[in-house]
Amino acid sequence: MTTTPETQIVTTTRVSCDGSAGIPGGAALGHPRVWLEVDERGFAECGYCDKRFVLKGGPADQAAA
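We now turn to the structure provided with this report.

Let's talk about the pattern of salt bridges
- Using the criterion set out here, one finds 5 salt bridges in the structure.
- Measuring nitrogen to oxygen at the nearest pair gives 3.5 Å for the salt bridge that ties D18 to R33. Pair noted here: D18 is in the loop between β2 (14-17) and β3 (34-37) and R33 is in the loop between β2 and β3, with a separation of 15 residues, a long-range link.
- Salt-bridge contacts for E45 lead to R52; the nearest nitrogen and oxygen are separated by 2.6 Å.
- For R52, a relative accessible area of 28% translates into the label partly exposed.

Structure representation (structure tokens):
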């Protein structure tokens, strides 16, 4: 069974991810913090955990469509 990666709506084009969202114990159980830049597609994906950051109101924001 495959699960869809976690998606987070963001309001800035520069975001960070450390893989600790929703993990009791925090960043110690995640991955190294990486900084991502939302591009012209309207989203950025973390190379470690596949979490997708979607820019609110951007081209990839389905709620704005």
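Once you've had a look at it, read on.
Some points on the nonpolar core
- Counting residues in each nonpolar core, the largest one holds 9 residues, listed as V10, V15, C17, L36, V38, A44, C46, F53 and L55.
- Broken down by secondary-structure element, the contributors of at least two residues to this core are β2 and β5 (52-55).
- Residues within four places of C46 in sequence aside, it is in contact with C17, H31, V34, L36 and K51.

A look at the environment of R41
- Within the element layout of this structure, R41 appears in the loop between β3 and β4 (43-45).
- According to the relative accessible area criterion, R41 is partly exposed, its value standing at 47%.
- Considered as a pair, R41 and V54 are 13 residues apart in the sequence and their alpha carbons are 9.2 Å apart.
- Not counting residues within four places of it along the chain, the set of residues in contact with R41 comprises P59 and A60.

Comments concerning the pairing of β5
- Note: strand β1 (residues 7-10) against β5, 4 bridges, orientation parallel. Bridge pairing in β5 links T7 to R52.
- Pairing of β4 with β5 involves 3 bridges; the strand directions are antiparallel. Residue pairing for β5: E45 is matched across the bridge by R52.
- Hairpin connection between β4 and β5: a loop of 6 residues separates the two successive antiparallel strands, and D50 in this loop has a positive phi of roughly 65°.

So, how was this worked out
Residues numbered from 1 in each chain as written. Predicted model: local features only at pLDDT ≥ 70, side-chain atom pairs only at ≥ 80, totals over all residues. Heavy atoms only, no water. Salt bridge = Lys/Arg side-chain N within 4 Å of Asp/Glu carboxyl O. Helix = DSSP H or I, 4+ residues; strand = E, 2+ residues; numbered from the N terminus. Buried < 20%, exposed > 50% of the residue type's maximum accessible area, 1.4 Å probe, protein only. Core = buried A, V, L, I, M, F, W, Y, C linked by side-chain atoms within 4.5 Å. Contact = heavy atoms within 4.5 Å. Pairing = 2+ DSSP bridges.

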